[in-house]
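A structural walkthrough
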Amino acid sequence: MSKQNNETHVEFKGVSKSYDGRTMVVKDLDLGIRTGEFVTLLGPSGSGKTTILMMLAGFQAPTAGEILLDGQPIQDLPARKRGIGMVFQNYALFPHMTVGANLAFPLEVRRMGAEERRERVERVLRLVRLEGFADRKPSQLSGGQQQRVAIARALVFEPSLVLMDEPLGALDRSLRDEMQYEIRRIHRTLAVTVVYVTHDQQEAMVMSDRIAVLRKGVVEQIAVPEGLYEEPTGSFVASFIGESNQLHGRILGTSEADNVYEVETGGEVIHALKVAQCNVGDDVTLSIRPERVKINPEAGRYTNEVDATVEDLTFLGNQLRVRLATCGREDFIATIPNIVGHGGWITGDSVRLGWTTVDCRALNHE
Amino acid sequence: MAGPIKLSGGPGYRAKVRALGLVAPLLIFIVVTFVAPLGTMLLRSVYDPVVADALPETLELLEDWDGIELPPEAVYAVAAQEVKRAGAERTLGQVASRVNRVQGGLRSVITRTGRELREIQQGPWRESMMTIDSAWADPAIWYAIRTTGERFTARHYWNALDLQSLPDGSVVRQPEDRRIYLRLFWRTLMISGLITLLCLLLGYPIAHLIACSKPSRANLLLILVLVPFWTSLLVRTTAWIVLLQTQGVLNEFLVTIGLIGDDGRLAMIYNMTGTIVAMTHVLLPFMVLPLYSVMNSIPSTQMDAAASLGATPLQAFLRVYWPQSLPGVGAGALLVFILAIGYYITPALVGGSDGQLISNMIAYHMQTSLNWGLAAALGGVLLLIVLLLYAVYERLLGIEKIGLGG
Ligand SMILES: Nc1ncnc2c1ncn2[C@@H]1O[C@H](COP(=O)(O)OP(=O)(O)O)[C@@H](O)[C@H]1O
Ligand SMILES: [Mg+2]
């Protein structure tokens with residue numbers, strides 16, 4: 001984790017945005033970002049991530065609410081005076097300028113002397129490992145190199161806040177992994193605050209200090225990556241971050257110090273951790289991670305044990321994926337790490353499944 | 001497979017024949033409607049066989065003539081026979097008008113000579129011809145005949161450039177009062193440049209506005225730009241007459257609001273102003289369309305990026321937007337300028353006398369003075385200017401940079 005202090009760098013206070021005056025693209029956003037933090041806005045396409053960045057950068061005005069930068073409202077500050085570095089989705093490099101000129105541009109408009117300009121450009125090129133590329137045109141660079149230039153340009157005037165809008169969206173897998181590492185390294189080196197946007201949950205998990213999961217303009221949950229995975233507060237987050245089995249059921253009763261629901265689903269009664277506040281008789285969604293499901297456990301070891309039929313087996317190298325029919329569904333997934341081989345099941349076998357109450361989260365029914 | 005089409009069998013052969021068959025109509029069309037007319041026109045500007053065909057032997061004898069004294073009787077004798085024959089074959093009129101262009105007044109001399117020689121069967125021919133017209137006692141007429149007798153000649157081009165070749169072979173400028181074409185070329189270039197500039201000033205913001213608009217609105221605006229194309233050129237030009245003439249809408253309005261007096265009505269048409277206003281209007285779409293197509297390909301994030309890097313709107317425009325729109329500016333300017341220097345109808349209708357361009361002069365020589373050689377030479381000079389411009393543009397911007405498509 002990078003060095004941070006507890007000052008709030010950016011704060012969204014009840015920010016809403018509508019382009020057409022009718023549909024809210026961002027709804028009542030409250031979000032605080034600490035100095036030096038790497039925060040990712042994660043959400044499917046159209047969930048309002050870019051809009052939030054544009055409001056922060058100053059290209060869009062909020063319909064309601066206010067944004068504070070270092071405690072100061074920035075409504076009336078035009079984009080060019082906010083001093084925020086921005087990496088655009090399609091790089092937005094200036095195609096008619098060389099790499100060096102692209103990097104010198106923000107320094108020239110700040111009337112910096114030629115000597116210092118050259119020094120800074122050199123330094124930032126070294127930072128993104130593009131020494132010797134200053135005289136190339138962007139079109140003569142590969143996608144990954146262009147991305148590095150875009151990042152360098154957003155950093156060269158030493159902003160304390162950098163926004164990145166799906167910066168790796170156009171790169172292929174291996175290059176992405178490399179750039180993810182590079183961006184983290186740069187973040188650690190410079191200790192800038194980064195607001196990062198992606199729709200790729202794995203990327204978000206790899207890079208972020210905290211992740212804000214967005215859906216339809218609403219922040220569903222903000223947490224550290226582990227928190228999102230282990231303790232999702234809604235079924236959207238549970239299914240968006242990693243994989244989860246989602247069973248729909250009805251609450252029969254509560255038990256055990258009031259933090260466990262007994263839920264009926266597909267003819268089975270399941271003990272689930274109380275996450276959503278519901279009453280007896282309400283519908284809930286149960287979320288169970290596939291790797292937390294044990295096949296044919298020792299009897300009596302798990303609070304939840306059900307009968308199931310093997311529907312399908314997929315060997316994935318490091319793990320075995322088993323599709324099972326249980327609790328009235330045929331798409332229940334269990335994964336078994338490939339450590340000791342598996343029990344030699346074949347399609348049609350009857351098995352017992354077991355999982356703990358803690359690994360079965362009762363979430364609001366959607 | 002590189003190189004020319006292989007005329008033997010093989011898998012690629014049929015495909016190539018088919019491809020050739022498919023482009024053939026276009027190729028033939030281009031040859032018939034463009035290459036051939038252009039070629040004949042250019043040929044006509046340097047090739048004129050009429051006099052050479054009508055007076056072959058005379059011209060042969062004149063080759064030995066010193067150009068200063070009168071030629072000997074032998075020349076008059078041959079010339080008389082050939083003039084008679086040309087008169088009988090009805091080509092003498094064409095000969096006369098060509099000779100007349102070298103020196104005014106000789107047309108009637110030659111036609112009259114042809115008529116009166118019919119009655120004369122015997123020499124001495126020199127005296128007879130001098131009696132018919134004293135012009136035959138002046139070496140100038142022989143010089144004129146010899147000049148027009150050249151099959152291949154540069155004299156149309158000398159003419160088109162306000163030059164003339166003297167009997168001693170030197171080429172000098174025309175006398176002051178006969179220099180018209182260079183001035184007209186210059187004026188055409190200046191007016192075309194001004195029109196191009198006006199089109200750029202008017203078209204750039206429009207194109208920018210369209211490129212920045214939402215697709216639905218951009219379509220509407222594009223249609224508005226294109227509406228003039230759907231209207232006849234004559235209607236558009238006439239509309240300007242209605243607006244700008246002395247009793248026209250604009251003048252009436254200015255008089256009504258008292259900005260000008262009834263006797264101080266502005267002359268805005270049938271002069272240079274009329275030509276400039278109407279042509280700017282007619283040519284504006286040719287500026288807007290290439291500009292729009294280039295601007296449309298500039299992502300809106302470019303300006304956002306410039307702003308996020310701290311640039312003021314003016315800095316962002318000058319350093320980011322303008323350079324990227326240059327290919328469109330180049331394409332539009334080249335298109336408008338080249339169309340303008342060859343434009344004919346609009347200046348003819350609203351240009352009056354001082355708003356005429358070189359193309360109107362070409363039309364005059366084609367239709368009225370029937371000096372097709374000179375018309376062709378003027379056209380040739382115009383073509384050369386266009387090619388030069390094209391070369392300069394290529395040098396400055398590179399032709400591959402012309403942006404007509406996004
Ligand atoms: N400039 C705009 N004008 C109108 N609607 C927009 C504009 N930009 C985005 N939207 C709409 O706002 C919603 C959120 O868009 P966006 O913020 O780009 O989402 P994301 O970046 O998460 O994909 C989408 O439904 C999109 O259609
Ligand atoms: Mg987006």
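As the structure is a prediction and not an experimental result, all values here were calculated from the model.

1. Section: the overall build of chain A
A tally of helices and strands in chain A yields nine helices and 20 strands. Seen through its principal axes, chain A has C-alpha atoms that stretch 75 × 45 × 35 Å. The 366 residues of chain A split such that 50% are buried. A sequence separation of at least 24 residues applies to 66% of the contacts in chain A between residues at least 6 apart. Carbon and sulfur atoms form 46% of the exposed surface of chain A, whose accessible area is close to 16,400 Å². Where the 41 positive side-chain charges of chain A centre and where its 49 negative ones centre are 9 Å apart.

2. As for the interface of chain A and chain B
On the chain B side, the residues contacting the 19 residues of chain A number 17 residues. Taken over both partners, the interface formed by chain A and chain B buries close to 1,700 Å², and the fraction arising from carbon and sulfur atoms is 64%. Of the charged contacts, one joins A:Glu108 and B:Arg319 as a salt bridge, the two residues approaching to 2.6 Å between their closest N and O atoms. Inspection of the region where chain A meets chain B yields four residue pairs in polar contact (both at pLDDT 80 or more). Among the elements of the structure, α2 (79-82), β6 (84-87) and α3 (99-108) of chain A are those that each provide at least two residues to the side of chain A that touches chain B. Among the elements that take part in the side of chain A that touches chain B, α3(A) stands out by supplying three residues, more than any other.

3. Considerations on the sheet that holds strand β3 (residues 38-42) of chain A
All names here are of chain A. Pairing is mixed across the open sheet formed by six strands, whose spatial order is β6-β7-β8-β3-β9-β10. In this open sheet, the two strands that pair with only one neighbour each are β6 and β10 (218-223). For this sheet, the mean inter-axis angle between neighbouring strands, taken without regard to orientation, is 15 degrees. Bridge analysis of β3 against strand β9 (residues 210-215) gives four bridges, and the strand direction is parallel. Note that in β9 the partner of Leu41 across the bridge is Ala212. In the packing of helix α5 (residues 143-155) onto the sheet, the strands contacted are β6 and β7 (161-165), and the crossing angle to β6 comes to about 170 degrees.

4. Here's the deal with the domain arrangement of chain A
Residue and element names in this part refer to chain A. Considered domain by domain, chain A is made up of domain 1 (8-236) and domain 2 (243-364). Centre-to-centre, using C-alpha coordinates, domain 1 lies 39 Å away from domain 2. Tallying the contact residues gives eight residues for domain 1 and nine residues for domain 2. Where domain 1 abuts domain 2, roughly 720 Å² becomes buried across the two surfaces, and 39% of that area is made up of carbon and sulfur atoms. Sorting the residues of domain 1 by area buried against domain 2 places Tyr229, Pro232 and Ser235 first, and these three jointly supply 67% of that buried surface.

5. Regarding the nonpolar core
Among the nonpolar cores identified, the biggest contains 77 residues, and A:Phe12, A:Leu56, A:Phe105 and A:Leu163 are the most heavily contacted of them. Apart from residues no more than four positions distant in its own chain, A:Leu163 is found in contact with A:Leu53, A:Leu56, A:Ala57, A:Ile84, A:Gly85, A:Met86, A:Val87 and A:Val195.

6. What to know about the site of ligand 1
All names here are of chain A. Tyr19, Val25, Pro44, Ser45, Gly46, Ser47, Gly48, Lys49, Thr50 and Thr51 make up every residue found near ligand 1. A distance of 3.4 Å is found between a nitrogen atom of ligand 1 and a side-chain nitrogen or oxygen belonging to Tyr19. Relative to its unbound accessible surface of 550 Å², ligand 1 loses 56% to contact with the protein.

7. Let's talk about the packing of helix α6 (residues 106-117) of chain B against helix α7 (residues 125-132) of chain B
Packed helices, taken two at a time, are described by the angle between their axes plus the distance between the axes. Residues and elements named next belong to chain B. Between α6 and α7, whose axes approach to 10 Å, the crossing angle comes to 125 degrees. In this view, α6 runs oblique relative to α7, as classed from their interaxial angle. By crossing handedness, the relation of α6 to α7 is classed as right-handed. Residues Arg112, Thr113, Glu116 and Leu117 of α6 pack against Trp125, Met129 and Ile132 of α7.

8. Here we look at the packing of aromatic side chains
Under the defined criterion, the tally for this structure stands at 13 aromatic pairs over all chains. Ring geometry for A:Phe94 against A:Phe105: centres 5.1 Å apart, planes inclined by 70 degrees, an arrangement best described as edge-to-face. A residue pair is termed long-range when its members are at least 10 positions apart, and A:Phe94 in the loop between β6 and α3 and A:Phe105 in helix α3 qualify at eleven residues. One exposure class covers both A:Phe94 and A:Phe105, and it is buried. Each member of the aromatic cluster is reached from another via a ring pair, and the members are B:Tyr204, B:Phe317, B:Tyr321 and B:Trp322. Positioned above the aromatic ring of A:Phe94 is the side chain of A:Arg153, whose terminal nitrogen or guanidinium carbon lies 4.5 Å from the ring centre.

9. Describing the sheet that holds strand β13 (residues 268-274) of chain A
Think of a sheet as strands paired side by side through backbone hydrogen bonds, with each pair either parallel or antiparallel. All names here are of chain A. As summarised here, the arrangement of the five strands in space is β11-β12-β13-β20-β14, forming a closed barrel in which the pairing is mixed. For this sheet, the mean angle separating the axes of adjacent strands, direction not counted, is 55 degrees. Of the strand pairs in this sheet, strand β11 (residues 245-255) and strand β14 (residues 283-288) are connected by six bridges, and their pairing is antiparallel. Residue Arg250 lies in a different strand from β14, and its bridge partner there is Asp283.

10. Focus on the domain arrangement of chain B
In terms of domains, chain B is made up of domain 1 (50-153) and domain 2 (181-401). When each unit is reduced to the centre of its C-alpha atoms, the spacing between domain 1 of chain B and domain 2 of chain B is 50 Å.

11. Points about the pairing of β3(A)
Residues and elements named next belong to chain A. Among the five residues that make up β3, five are buried, leaving the element largely enclosed by the rest of the structure. Of the two faces of β3, the one holding Phe38, Thr40 and Leu42 and the one holding Val39 and Leu41 are both buried throughout. The sheet contact formed by β3 and strand β8 (residues 193-198) spans five bridges and is parallel. The partner of Thr40 across the bridge, within β8, is Tyr196.

Each value, and the rule that gives it
- Residues numbered from 1 in each chain as written.
- Chains lettered and ligands numbered in written order.
- Predicted model: local features only at pLDDT ≥ 70, side-chain atom pairs only at ≥ 80, totals over all residues.
- Heavy atoms only, no water.
- Helix = DSSP H or I, 4+ residues; strand = E, 2+ residues; numbered from the N terminus.
- Buried < 20%, exposed > 50% of the residue type's maximum accessible area, 1.4 Å probe, protein only.
- Contact = heavy atoms within 4.5 Å.
- Areas by Shrake-Rupley, 256 points an atom, 1.4 Å probe, with all protein chains shown as cover.
- Lys, Arg positive; Asp, Glu negative; His and termini not counted.
- Charge placed at Lys NZ, Arg CZ, Asp CG, Glu CD.
- Buried area = accessible area lost by both parts, 1.4 Å probe.
- Salt bridge = Lys/Arg side-chain N within 4 Å of Asp/Glu carboxyl O.
- Polar contact = N/O pair within 3.5 Å; in protein donor to acceptor, adjacent residues only side chain to side chain.
- Pairing = 2+ DSSP bridges.
- Axes fitted to C-alpha atoms, helices over the stretch in contact; angles between N-to-C directions.
- Domains from an automatic or database assignment.
- Core = buried A, V, L, I, M, F, W, Y, C linked by side-chain atoms within 4.5 Å.
- Near = heavy atom within 4 Å.
- Parallel < 35°, antiparallel > 145°, perpendicular 65-115°, else oblique.
- Left-handed = near helix turned anticlockwise from the far one by under 90°.
- Phe/Tyr/Trp six-rings, centres within 6.5 Å; stacked < 30°, edge-to-face > 60°.
- Lys NZ or Arg CZ within 6 Å of the ring centre and 35° of its normal.

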